[in-house]
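Descriptive structure summary
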Amino acid sequence: MLKVISANRAIAEGVKLSRPQVVPVYPITPQTSISEYLAQFVADGDLNAEYIRVESEHSAISAAVGASGAGVRTFTATSSQGLALMHEILFVAAGMRTPIVMGNANRALSAPLSIWNDQQDSISQRDTGWMQFFAENAQEALDFVINAYKISENKEVLLPSMVCIDGFILTHTVEPVDIPSQDDVDKFLPAYQPTHAYLDPEEPMSLGTFTDPDYYMEARYAMEVAMQKSKKVIKDTYQEFEEVFGRQYGMIENYQCDDAEIILVAMGSICGTIKAVVDILRKKGEKVGLLKVIAYRPFPQEEIYDVVKNAQRIAVLDKNISFGIGGVLFNEIKAKMEVDASGFILGLGGRDVSPDDIVNIVKQTRNPTDTDKINWIGLKEEE
Amino acid sequence: MDIPEEEFLAPGHRACAGCGATIGVRLALKMLGKNTVAVSATGCLEVVTTPYPETAWKIPWIHVAFENSAAVASGVERALRSQGKDDVNVVVFAGDGGTADIGLQSLSGAMERGHNLIYICYDNEAYMNTGVQRSGATPYGASTTTSPHGKESFGEDKPKKNIPMIMAAHGVPYVATASISYPEDFMKKVKKASEIEGPAYIHLHQPCATGWGYDPSKTIELGRLAVETGSWILYEIEDGEFKVTYRPMERKPVNIYLESQKRFKHLADEEKERIQSYVDQVCAELKI
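Because the structure is predicted, anything quoted here is derived from the model rather than measured.

Right, let's talk about the sheet that holds strand β16 (residues 374–376) of chain A for a bit. Residues and elements named next belong to chain A. Pairing within the open sheet is mixed, and its six strands lie in the order β10-β12-β11-β14-β15-β16. Each edge of the open sheet carries a strand with a single partner, namely β10 (252–255) and β16. Neighbour to neighbour, the strand axes of the sheet diverge by 25 degrees on average, direction disregarded. As judged from the five bridges shared by strand β11 (residues 262–266) and strand β12 (residues 288–293), these two strands associate in the parallel manner. Considered in β12, the bridge of Val-265 is made with Leu-291. Along the sheet, helix α11 (residues 328–336) contacts β11, β12, β14 (313–318), β15 (341–345) and β16; its crossing angle with β14, the most-contacted strand, is approximately 145 degrees.

Bringing unusual backbone geometry into the picture now. In this structure, the amide linkage connecting A:Thr29 to the following residue, A:Pro30, adopts the cis form with an omega of 0 degrees. Locating A:Pro30 in the fold gives a position in the loop between β2 (22–25) and α2 (32–43). Following B:Tyr52, the chain continues to B:Pro53 via a peptide bond in cis, the omega torsion being 5 degrees. Here B:Pro53 shows up in the loop between α2 (44–49) and β2 (61–63). Although it is not a glycine, A:Leu158 adopts a positive phi angle of roughly 50 degrees. Take A:Leu158: it is sitting in the loop between α6 (138–153) and β7 (161–166). Its identity is not glycine, yet B:Asp239 carries a phi of approximately 45 degrees, on the positive side. Note on placement: B:Asp239 falls in the loop between β9 (235–238) and β10 (241–244). The class of B:Asp239 is exposed, set by a relative accessible area of 65%.

By the element assignment, A:Ser354 lies in the loop between β15 and α12 (355–366). Between the C-alpha atoms of A:Ser354 and A:Ser206, which are 148 residues apart in sequence, the distance is 53 Å.

Residues and elements named next belong to chain A. As enumerated under the stated definition, the model contains 21 aromatic pairs over all chains in all. Ring centres of Phe-144 and Tyr-249 lie 5.1 Å apart, and the angle between their planes is 75 degrees; on these two criteria the pair is classed as edge-to-face. Of this pair, Phe-144 sits in helix α6 while Tyr-249 is found in the loop between α8 (216–245) and β10, placing the two residues 105 residues apart along the sequence. Residue Phe-144 is classed as buried on the basis of its relative accessible area of 1%. We classify Tyr-249 as buried; its relative accessible area is 15%. A network of ring pairs unites the aromatic residues Phe-144, Phe-188, Tyr-238, Phe-241, Phe-245 and Tyr-249 as a single cluster. The ring centre of Tyr-37 lies 4.9 Å from the NZ or CZ of Arg-9, which sits over that ring. Sitting above the plane of the Phe-188 ring, Lys-150 keeps its charged end 4.8 Å from the centroid.

The subject of this paragraph is the pairing of β14(A). Residues and elements named next belong to chain A. Burial within β14 is extensive, with six of its six residues counted as buried. Going residue by residue along β14, you find Arg-313, Ala-315 and Leu-317 tucked away on one face and Ile-314, Val-316 and Asp-318 tucked away on the opposite face as well. Across four bridges, the pairing between β11 and β14 is parallel. When the bridges of β14 are listed, Ile-263 appears paired with Ile-314. Looking at chain direction, β14 and β15 are connected through five bridges and run parallel.

This paragraph deals with the confidence of the model for chain B. A residue-level look at chain B finds 100% of positions with pLDDT of 70 or above and a mean pLDDT of 97. Scored as a complex, the prediction yields pTM 0.97 and ipTM 0.97.

All names here are of chain B. Residue position: Gln-133 is located in the loop between β4 (118–123) and β5 (149–150). Looking at Gln-133, the relative accessible area reads 18%, which means it is buried. Separated by 2.5 Å, the side chains of Gln-133 and Thr-130 make a polar contact. Within the local environment of Gln-133, its side chain forms a polar contact with the side chain of Thr-145, the two groups lying 3.3 Å apart. Sequence-distant contacts of Gln-133, that is, excluding residues within four places in its chain, are made with Ala-126, Tyr-127, Thr-144, Thr-145 and Thr-146.

Note: interface size is frequently given as the accessible area lost on complex formation between the parts. Chain A puts 37 residues into the contact, and the matching count from chain B is 39 residues. Connecting chain A to chain B are four salt bridges. The partner of B:Arg78 in a salt bridge is A:Glu50, with the nearest N and O atoms 3.7 Å apart. At the boundary of chain A with chain B, the tally comes to 13 residue pairs in polar contact (both at pLDDT 80 or more). Those elements that place two or more of their residues in the side of chain A that touches chain B are β3 (50–53), α3 (57–69), α4 (80–95) and β9 (206–207) of chain A. Sheet analysis places β9(A) next to β2(B), joined by two bridges and oriented parallel. Across the sheet, residue A:Ser206 finds its bridge partner in β2(B), namely B:Trp61.

The rules behind each value
Residues numbered from 1 in each chain as written. Chains lettered and ligands numbered in written order. Predicted model: local features only at pLDDT ≥ 70, side-chain atom pairs only at ≥ 80, totals over all residues. Heavy atoms only, no water. Pairing = 2+ DSSP bridges. Helix = DSSP H or I, 4+ residues; strand = E, 2+ residues; numbered from the N terminus. Axes fitted to C-alpha atoms, helices over the stretch in contact; angles between N-to-C directions. Contact = heavy atoms within 4.5 Å. Buried < 20%, exposed > 50% of the residue type's maximum accessible area, 1.4 Å probe, protein only. Phe/Tyr/Trp six-rings, centres within 6.5 Å; stacked < 30°, edge-to-face > 60°. Lys NZ or Arg CZ within 6 Å of the ring centre and 35° of its normal. pLDDT = per-residue confidence, 0-100. Polar contact = N/O pair within 3.5 Å; in protein donor to acceptor, adjacent residues only side chain to side chain. Salt bridge = Lys/Arg side-chain N within 4 Å of Asp/Glu carboxyl O.

Printed below as a string of structure tokens:
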């Protein structure tokens, strides 16, 4: 059924279709309407879940770990400062192998305080052991939630997932979204059956114990193995999703890259703008393409390299900054593969990125003056 | 009182000799029984009972972090309810630091939301797991490693934060204080807490030989002295009604309690008198 909805609504619809049993959430701009939609679904009896009105994001994720530990499917959502407040427990959630799914409305981190979009918040959680999926639009937001449960709950994986949607650009923008039927989703994503440790008086287990140096490294190594295995699980899950729902996804999306001389690499909503620019430039005969990174963790290095290896140069666009070294995606790509790349920082704290900016990035990438320079796009001249 | 023999906290854990916290857990679990899930905050109890791959817990148990045990318990309780397991007790064991300081926000949230859980604060009056640093529950005059006595200091210079009354102010159906040295009184309160629908809070006073500085064989005796001197008062607040549950026959001078512990040894008469007059004032109000 096609409905015109925002990505926040799409996330909420995806959650409803996934039938979580416990939903602890705390409001924060621009995530708030996700928690409101879910509250309404529960109030109307459309979602049979325990909705916990926690007093902070820290308690939201803590309650989610407790609920997941007790053997049920759980969902929470947050943004920016809230995600930063969760930071400590994000590690615990992954380390305890709780397959929680979270929606994150990407928003800049303070200071200065900003409610507007960039991706610093989730990028800053890259080492917590969570999988991260970046949506380009509301349809992907909905679909990625359903897929995230299936991937996270796979016994080869058992790591939590974050579905990231750009604040306001997606969270508050409406567009047509195909909402799958409950029957189809139930078949694709059956009720959660925990197969590993969970809290049950009939079979008592201790979860979240204390370890000495004899055991800690193995537990962390097991997470790395799971993260690597998740790549195949993601592919298989998307394949199965396509067979049922007809929409095709991968860890990356290749848009006009096969013969491209210049390839732009980016994540999230900006990919929509880039696709439009690629179409325009292609009409003018420029061989330009977009590589959209959907799965940021696990990092799809083979998939990225396969696409970019034949390009003359690539441009990596980061809505984040690791001070002193540049954009995180740029540096990870540079670290993992031999490519001629230029790095661009843009869109921080909601700074608009126009099609002209993308055209300029293509120009700068084709004729780099200094390849080591981190290029800031849309920065105001000093007055 | 009929006390079940079955133990749900196994021996062989790594607690110090004379540990009061583990005594408290054993007593509480005797009342709660097998059909119970325990949640622990980071702290002594968590560390000594679960050195992987061993565990002392014979019931399901979960630990997530220091400041969030009440939030974790909220999630556990709702998850059990969503599975139709409403009959399972959910009990939190958190120390005084994890309750009065770093965990106060999540505790307040859980109490106010009305989860059906029992929160037991095992109060040894300082951060014992990290080596005796003061917490909000450290009493006036106690010397700790972060409130040491010295030329310019008589130790902790603030009175103990009154967490049970803060919990009572949340309007929860059951709040009680207890001591491991009065096991029947404590266990009756645990039983009552488990039978009440909604949140229950029990603040359990438990001497700590390592942190307080006394012979480990004297743990129970120290707990009794705290109560017999009026330094710790046993009461319960059921549906808003306050009741003292134990009144010493004859209240002993506070000095006996203070002088039996290294943490108070340095106190001058002036401070001891101040503590005695504070205790007298509280006891007068309660007619103890």
